[in-house]
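Structural overview for review
For reference, the chains in residue letters:
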Amino acid sequence: MSTTYRPAGLAARTDSLTSSAIRDLLALTARDDVISLAGGLPATDLIPIDRIAAAAEAALRRPDAVQYCETSGHRTLRSVVAARESLTRGGMPVPVESVIVTHGSQQALTLLAQALIDPGAVVVVDEPAYTGALQVFSIAEACIESIPITDTGMDTDELERRLAAGLRPAVVHTVANFHNPRGVTMSEQRRRHLAALADRYGFWVIEDDPYGEICFDTTESDIGVPPLPIACHSDRVIRLSSASKILAPTLRVGWFVAPPSICAAVELLKQGADLCGSSMTQLMAAEMLADTAWLDAHLVVLRREYACRATALTNALGAEFGDRLTVSRPEGGMFAWATFRDGTDTGELLDAALDHGVAFVPGTAFASDAQYRHSLRLSFAGSTPAVLAEAVRRLGAAHTASTRV
Ligand code: PMP
């Protein structure tokens, strides 16, 4: 699925560039006849277009909206983010100076990799991992090591064993809330353990959290509400968040909170990368994030609708495949993770699935070797329950066709 480019006459580092399997898939699934459960796209029908238009209108009345702004981000947005981040951390103070705004949290990953990783340095990632992080760390020429994740997040006991055996990472990257692609959430005990290991061994943790706000909080129990961030337990944690999944990806507004030395280094790197982000979309995001009455109501709608879509998908998969497929029960985020127990290779199944008009991401896209070849990631976010049911029907037909060959 991934394409390797080896053009003549370019810098050596371009030799190892590989295209993200998921971005390649997005091109394939742009066809109108394909129902795509592949991309990590938030639901277009739930993006608050009218509120975004009003925020754009309000921003444009400000002369600073059409100008360059500080490299670290527009002060108005940094203040709103600092206040919101403090709430997420249970009231822990978050200084405005510790917030850097980036062009989506993907740019935060890129700039942090430049700031923290020398070529050959060890970076630990989840297994399976967010493909965008794998891409950034491989461009940074890191030596990537993986630690398996279980139903309670990265296996920090295994990490501790590897550290005791001599592993010395510069950075550990993890998606602790509603993992992409596994959907799981790291337990509080593992969060504390990871933070303690970071303090003991002196590595940085990148806590990458675009999905934490999409928790399917049920009124009967607090299933789905993630524990406090890892950043609450150590100063060696850099926490990334984004407006992409709760407002709209097109804003390209993300941010991170980090200690002063990291903020200062990233600010210099960002000066060279883009001078500054868009003042316009930062002011729009600030306006919407500060309007807490509106935002809370919007998040209730998002969570309710995503919970409903997740249930529709997992129920349909259960009805179609029964015992042949184990399916995760999402408690938030945008993804279900499923594994065939009948030996189905999901890379091969994808070809048949595309012929039948449905797409998903095969498990092998999320790890550097061939494991997870019986697994697949399915995004329930972008499709209504009726469309999800049709997608699963097509997947069932594709599975039948591919096992018949
Ligand atoms: N981190 C993770 C875990 C993601 O899933 C994504 C988007 N799919 C990102 C970072 C980047 O998102 P954005 O740049 O839109 O903020």
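Here the structure is a predicted model, which is why all the values come from computation and not from measurement.

1. Focus on the overall build of the chain
- Along the chain, the regular secondary structure elements total 12 helices and 14 strands.
- For 405 residues, the compact-globule estimate of 2.2 N^0.38 gives 22 Å, and the C-alpha radius of gyration of the chain, at 21 Å, lies within 12% of that figure.
- Dimensions of the chain, computed from the C-alpha atoms along their principal axes, are close to 60 × 55 × 55 Å.
- Taken over 405 residues, the chain has a buried fraction of 49%.
- A fraction of 72% describes how many contacts in the chain between residues 6 or more apart in sequence connect residues 24 or more apart.

2. Some points on the site of the ligand
- Taken together, 14 residues form the shell around the ligand, and within it Gly104, Ser105, Gln106, Ser242 and Ser244 come nearest.
- Of all the elements, helix H4 (residues 104-116) adds the most residues to the shell around the ligand, at 3 residues.
- Classifying every residue of the shell around the ligand gives 4 nonpolar, 9 polar and 1 charged.

3. Structural notes on the sheet that holds strand S11 (residues 335-340)
- Judged by pairing direction, the sheet is antiparallel, and its 4 strands sit side by side in the order S10-S11-S14-S13 without closing on themselves. The open sheet terminates on both sides in strands that have one partner only, identified here as strand S10 (325-327) and strand S13 (361-362).
- The sheet contact formed by S11 and strand S14 (residues 375-379) spans 5 bridges and is antiparallel. Each residue of the ladder has a partner; that of Phe335, found in S14, is Ser379.
- Running at roughly 165 degrees to S10, helix H10 (residues 292-321) makes contact with S10, S11 and S14 of the sheet.

4. Examining the sheet that holds strand S2 (residues 99-102)
- With mixed pairing, the 8 strands of this open sheet are ordered in space as S2-S9-S8-S7-S6-S3-S4-S5. Strand pairing shows two members of the sheet lacking a second neighbour, S2 and strand S5 (153-154), which therefore form its edges.
- Note: strand S6 (residues 169-174) against strand S7 (residues 204-208), 4 bridges, orientation parallel. By the bridge assignment, Thr174 is partnered in S7 with Glu207.

5. Comments concerning the packing of helix H11 (residues 346-355) against helix H12 (residues 385-404)
- Packing of H11 against H12 brings their axes to within 8 Å, and their N-to-C directions diverge by 125 degrees. Accordingly, the angle class assigned to the pair H11 and H12 is oblique. The handedness of the crossing between H11 and H12 comes out as right-handed. Each of Glu348, Leu349, Ala352, Ala353 and Asp355 in H11 lies in contact with H12, whose residues at this interface are Leu395, Ala398, His399, Ala401 and Ser402.

6. A short note on helix H7 (residues 188-201)
- Given a rise of 1.5 Å per residue, 14 residues ought to cover 20 Å, and the 20 Å separating the end C-alpha atoms of H7 matches this to within 8%.
- Inspection of H7 places Arg190, Arg191, His193, Leu194, Ala195, Leu197 and Ala198 among the buried residues, and these make up the whole buried set.
- Its buried side turned inward, H7 meets S5, helix H6 (156-164), S7 and strand S8 (237-242).

7. Remarks on the packing of helix H3 (residues 75-88) against helix H9 (residues 279-290)
- Closest axis-to-axis distance for the H3/H9 pair is 8 Å, and the angle between their directions is 35 degrees. H3 and H9 meet at a crossing whose hand is left-handed. Residues Thr76, Leu77, Val80 and Arg84 of H3 form the contact with H9, whose own contacting residues are Gln282, Leu283, Ala285, Ala286, Leu289 and Ala290.
- In terms of residue class, the contact of H3 with H9 is made up of 7 nonpolar, 2 polar and 1 charged.

8. Remarks on the nonpolar core
- Residues Leu112, Phe137, Ala285, Ala353, Phe360 and Leu378 are the most contacted members of the largest nonpolar core, which totals 114 residues.
- In this view, Phe137 contacts Ala113, Ile117, Val123, Val125, Ala142 and Ile144; residues no more than four positions away in its chain are not counted.

9. Side note on unusual backbone geometry
- Of the consecutive residues Glu127 and Pro128, the connecting peptide bond is found in the cis state with omega at 5 degrees.
- Its place among the elements puts Pro128 in the loop between strand S3 (122-127) and helix H5 (131-139).
- For Arg252, which is not glycine, the phi dihedral falls at a positive 50 degrees.
- Along the chain, the position of Arg252 falls in the loop between S8 and strand S9 (254-257).

10. Some details on the pairing of S3
- Burial within S3 is extensive, with 5 of its 6 residues counted as buried.
- Bridge analysis of S3 against strand S4 (residues 143-150) gives 6 bridges, and the strand direction is parallel. Bridging across to S4, Val123 finds its partner in Ile144.
- Remark: the S3/H5/S4 crossover connection has right-handed handedness.
- Where S3 meets S6, 3 bridges bridge the pair, whose relative direction is parallel. Bridge pairing links Val124 to Val172 in S6.

11. So, the environment of Gln67
- By secondary structure assignment, the location of Gln67 is in the loop between helix H2 (49-60) and H3.
- Distance in space between the C-alpha atoms of Gln67 and Ala338 is 47 Å, their sequence separation being 271 residues.

12. What about the environment of Val392?
- The topology assignment puts Val392 in helix H12.
- Of the residues examined, Val392 has 24 C-beta atoms within 10 Å and is grouped as buried.
- Residues Val392 and Thr314 lie 78 residues apart in sequence; the distance between their C-alpha atoms is 9.5 Å.
- Beyond its immediate stretch of four places on either side in the chain, Val392 contacts Ala316, Leu317 and Glu320.

13. Structural notes on the confidence of the model for the chain
- Mean pLDDT over the chain works out to 93, with 95% of the residues at or above the 70 mark.
- Taken together, the chains of this predicted complex give a pTM of 0.94 and an interface ipTM of 0.99.

Cut-offs used in this document
- Residues numbered from 1 in each chain as written.
- Predicted model: local features only at pLDDT ≥ 70, side-chain atom pairs only at ≥ 80, totals over all residues.
- Helix = DSSP H or I, 4+ residues; strand = E, 2+ residues; numbered from the N terminus.
- Rg over C-alpha atoms; globule rule 2.2 N^0.38 Å.
- Buried ≥ 20, exposed ≤ 12 C-beta atoms within 10 Å, placed from the backbone.
- Contact = placed C-beta atoms within 7 Å.
- Near = placed C-beta within 6 Å.
- Nonpolar A, V, L, I, M, F, W, Y, C, P; charged D, E, K, R; others polar.
- Pairing = 2+ DSSP bridges.
- Axes fitted to C-alpha atoms, helices over the stretch in contact; angles between N-to-C directions.
- Parallel < 35°, antiparallel > 145°, perpendicular 65-115°, else oblique.
- Left-handed = near helix turned anticlockwise from the far one by under 90°.
- Expected span 1.5 Å × (residues − 1).
- Core = buried A, V, L, I, M, F, W, Y, C linked by C-beta atoms within 7 Å.
- Right-handed = clockwise from strand over helix to strand, strands pointing away.
- pLDDT = per-residue confidence, 0-100.

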